Amino acid sequence: MTVYVDQTSGVDAAGRGTIDLPYHTLAYAIFSTPATAVETTQYQIRKGPEVQYDAPTQSATKKAKKDAQGLEKKRLKAEAEEKEARERQEKREKRLEESKKIVLAEDPSLPAPIKSKIVRLANHRDKRVRVCGWVHRKRDQQEIMFVVLRDGTGYLQAVFTGHTNKTYDAVTLQLEAAVELTGTLKLVPEGQKAPGGHELVVDYWKVLGPAPGGDDAFTNKLNEQSDPSILADNRHLVLRGETASNVLRLRAALLCAFRSTYVEHDVIEVTPPCLVQTQVEGGATLFKLDYYGQPAFLTQSSQLYLETCLPSLGDVFCIQESFRAENSHTRRHLSEYTHLEAELAFINFDDLMTHIEAVICESVGKVLANPATAALVKTLNPNFTAPDRPFKRMSYSDAIAWLNEHGILHEAEDAEGNAVKDADGKPVMVPHAIGDDIAEAAERQMTDIIGQPIFLYGFPAELKAFYMQKMPRKEGEAGPVFTESCDLLMPNVGEIVGGSMRIADGPELLAAYGREGIDPKPYYWYTDMRKYGTCQHGGYGLGVERLLAWMANRYTIRECSLYPRWPGRATP
């Protein structure tokens, strides 16, 4: 028998070894020949159709025989794996059929179970309890199945043995199924670990809401390698993960801590409207809508409304959503974000910064003082430490000098604010100068180098909003007019707070409207605050997602919002 091998046009798996359908490799030709016929078979090989077939060299034959042995091993391995998979499937099908015959019933002679949330289970050890939740993890060892249950308050390891592990529901149980488990809560054996230090030995259970397997299984919808757009589309499922849920738990704890701190400082919470007809931070970033035939906007800030509360309620704060129609895709911008804002009466600029520092440090301190929430911080950001007080204070002018001393440049702009580029189309980089709006990248670079919280204060009036109080000027002093304004910068995040003293003088506020081209009529209620008992006052806005990103060491603040919104993303 003669077998042909063409190293150019031949094919192995689909070849026949004939002159019309030659093999591609000599190793496959030998592998395809019955073992008893290898020595008597004549092999003809060529490198391509332009040369004649010839017998392979002795060394080529020797190497090909060795490679053929490797192919035979692979074949045997594949055959064994196929057999094993087939036996596994047959065993599963048999187990499925047998499971349908088993009906699990609750034993009426057992003590009535105590229904409990997972977080409260430590009080019920050695008692029969009933817990509901979702299957977070599952490990099946045929005669015993371990399930980690999640109910939003914590995690519980459950052990299924005997009939509890042999029902049809047990055999087909999938991750994220909703279940009700009943059994005795036991301490885990010495040397073993489980959430809470105990486990539930199940004696009765049922599926409340099944979850799919196969292609639609939870693990096939999401994994660590999933594209960010897939994660965003499936945010409702991402939230079930430990990291995402821990971030949201920390967020809740942080807001609770802020509310507690404000109570201690005699600051009252109010709830301003989100539908408004005035602007706070400039018309370019307003979301506009038709409000029963009238123009209206989604609020940029609740500041103006908070100011109106001062004469009746004293110092006030709110935790409210704010909206910015800013086409920014950076990791620290959202189109909708949670805005913690406060307004304080009868203070000066130094009082304002001292208050901001105190509220943040005291609130963070409360989170770290609670063992449960401190554990969340430790899990998400093992290296986190509370900031030292007092915070560093740096004037805008000193910041400009610092940036230039450290060689941190910014892109040059023309009179219209467009980037200036060189002959190669690259941005022209220039030193900072008084009057420049310090870019986010430069601001963050400076903060990261200094490595501690910084109050950047005293920004030029032309860079800030109309309502900000100007710093007093000495007689005859020339140059830019600066404001009693401040930004609090945190390492790795940048600005998390913006605040200022507000204009208290009525005529000065009217002049500010005029400079900005703002019609004062819609602001009559805000202007009245200067008419009926004005006072020195100031306030600030804190971006909750940014502060949370700092505490939880999240790369983007999108991870710190329940359902983040940014340009192009308003689902789910």
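## Focus: the sheet that holds strand E11 (residues 287-291)
Inference 1: Reading across from one edge, E10-E12-E11 is the order of the three strands in this open sheet, with antiparallel pairing throughout. Whereas interior strands pair on both sides, the edge strands pair on one side only; in this sheet they are strand E10 (275-276) and E11.
Inference 2: By the bridge criterion, two bridges tie E10 to strand E12 (residues 294-298) in an arrangement that is antiparallel. Paired with Val276 across the two strands is Phe297, which belongs to E12.

## Describing a nonpolar patch on the surface
Inference 1: Judged by side-chain polarity, Leu275, Tyr291 and Tyr292 come together as a nonpolar surface patch covering roughly 370 Å² of accessible area.
Inference 2: Its location among the elements puts Leu275 in strand E10.

## Digging into the packing of aromatic side chains
Inference 1: The final tally for this structure, using the stated rule, is 18 aromatic pairs.
Inference 2: Ring geometry for Phe349 and Tyr457: centres 6.3 Å apart, planes at 70°, overall edge-to-face. Of this pair, Phe349 sits in helix H9 (residues 349-369) while Tyr457 sits in strand E18 (residues 454-457); the two residues are 108 residues apart in sequence, bridging distant segments of the chain.
Inference 3: With centroids separated by 5.9 Å and ring planes inclined at 40°, the aromatic side chains of Phe391 and Phe455 adopt a geometry described as tilted. Here the residue Phe391 occupies a position in the loop between helix H10 (371-380) and strand E15 (392-395), and Phe455 occupies one in strand E18, the gap between them amounting to 64 residues. Accessibility classification places Phe391 together with Phe455 in one group, the buried group.
Inference 4: Seen from the ring of Tyr526, Arg530 lies directly overhead, with NZ or CZ sitting 4.3 Å from the centre.

## Thoughts on the pattern of salt bridges
Working definition: two side chains of opposite charge can pair if their charged atoms are close together.
Inference 1: If you walk through the whole model with that rule in mind, you get 30 salt bridges.
Inference 2: When the shortest N-O distance is used, the salt bridge between Arg251 and Glu545 registers 3.2 Å. Of the two residues, Arg251 is situated in helix H7 (residues 242-264) and Glu545 in helix H15 (residues 544-552); the sequence distance between them amounts to 294 residues. Each member of the pair, Arg251 together with Glu545, is buried.
Inference 3: For Arg502, the salt bridge identified is with Glu343, shortest N-O distance 2.5 Å. Taken together, the residues span a long stretch of sequence, with Arg502 in the loop between strand E20 (494-501) and helix H13 (506-516) and Glu343 in strand E14 (residues 336-345) at a distance of 159 residues. No difference in accessibility class separates Arg502 from Glu343, as the two residues are buried.
Inference 4: Through salt bridges with shared partners, a single ionic network connects Glu106, Arg128, Arg130, Glu180, Asp203 and Lys206.

## Brief notes about the state of the cysteines
Inference 1: Enumeration over the complete set of coordinates arrives at zero disulfides.
Inference 2: In this model Cys309 remains outside any disulfide bridge; the closest cysteine sulfur is found in Cys318, 9.0 Å from its own.
Inference 3: Overall, Cys309 belongs to the buried group, its relative accessible area being 16%.
Inference 4: Cys486 forms no disulfide, and the closest cysteine sulfur to it belongs to Cys361, at a distance of 14 Å.
Inference 5: Residue Cys486 is classed as buried on the basis of its relative accessible area, which comes to 2%.

## Here we look at the environment of Gly498
Inference 1: Within the fold, Gly498 resides in strand E20.
Inference 2: Each C-alpha atom of the pair Gly498 and Leu456 lies 9.5 Å from the other, and the pair is 42 residues apart in sequence.
Inference 3: Those residues in contact with Gly498, other than ones at most four positions away along the chain, are Cys486, Asp487, Tyr540 and Gly541.

## Topic: the sheet that holds E18
Inference 1: One open sheet holds the eight strands; their spatial order is E9-E13-E14-E21-E20-E19-E18-E15, and the pairing between them is mixed. If you trace the sheet from one side to the other, it starts and ends with strand E9 (268-269) and E15, each paired once.
Inference 2: Where E9 lies against strand E13 (residues 316-323), two bridges are found, and the strand directions are parallel. Bridge pairing in E13 links Ile268 to Val316.

## Overview of the side chain of Glu343
Inference 1: Accessibility expressed as a relative area gives 0% for Glu343, which makes it buried.
Inference 2: There is a polar contact of 2.5 Å between the side chain of Glu343 and the side chain of Arg502.

## With respect to H7
Inference 1: In this model H7 runs 33 Å from its N-terminal to its C-terminal C-alpha over 23 residues, within 8% of the 33 Å that 1.5 Å per residue would give.
Inference 2: A positive phi of about 60° marks Asp266, the residue just after H7.

## Describing the pairing of strand E1 (residues 2-6)
Inference 1: As defined by bridge partners, E1 adjoins strand E2 (residues 42-46) across five bridges and the pair is classed as parallel. Opposite Val5, over in E2, you have Ile45 as the bridge partner.
Inference 2: This β-α-β element, E1 to helix H1 (residues 26-32) to E2, shows right-handed connectivity.

Thresholds applied
- Residues numbered from 1 in each chain as written.
- Predicted model: local features only at pLDDT ≥ 70, side-chain atom pairs only at ≥ 80, totals over all residues.
- Heavy atoms only, no water.
- Pairing = 2+ DSSP bridges.
- Helix = DSSP H or I, 4+ residues; strand = E, 2+ residues; numbered from the N terminus.
- Patch = residues over 30% accessible without salt bridge, like charges linked within 9 Å, V, L, I, M, F, W, Y side chains within 5 Å.
- Areas by Shrake-Rupley, 256 points an atom, 1.4 Å probe, with all protein chains shown as cover.
- Salt bridge = Lys/Arg side-chain N within 4 Å of Asp/Glu carboxyl O.
- Phe/Tyr/Trp six-rings, centres within 6.5 Å; stacked < 30°, edge-to-face > 60°.
- Buried < 20%, exposed > 50% of the residue type's maximum accessible area, 1.4 Å probe, protein only.
- Lys NZ or Arg CZ within 6 Å of the ring centre and 35° of its normal.
- Disulfide = S-S within 2.5 Å.
- Contact = heavy atoms within 4.5 Å.
- Polar contact = N/O pair within 3.5 Å; in protein donor to acceptor, adjacent residues only side chain to side chain.
- Expected span 1.5 Å × (residues − 1).
- Right-handed = clockwise from strand over helix to strand, strands pointing away.

That's the geometry; what it means functionally is another story.
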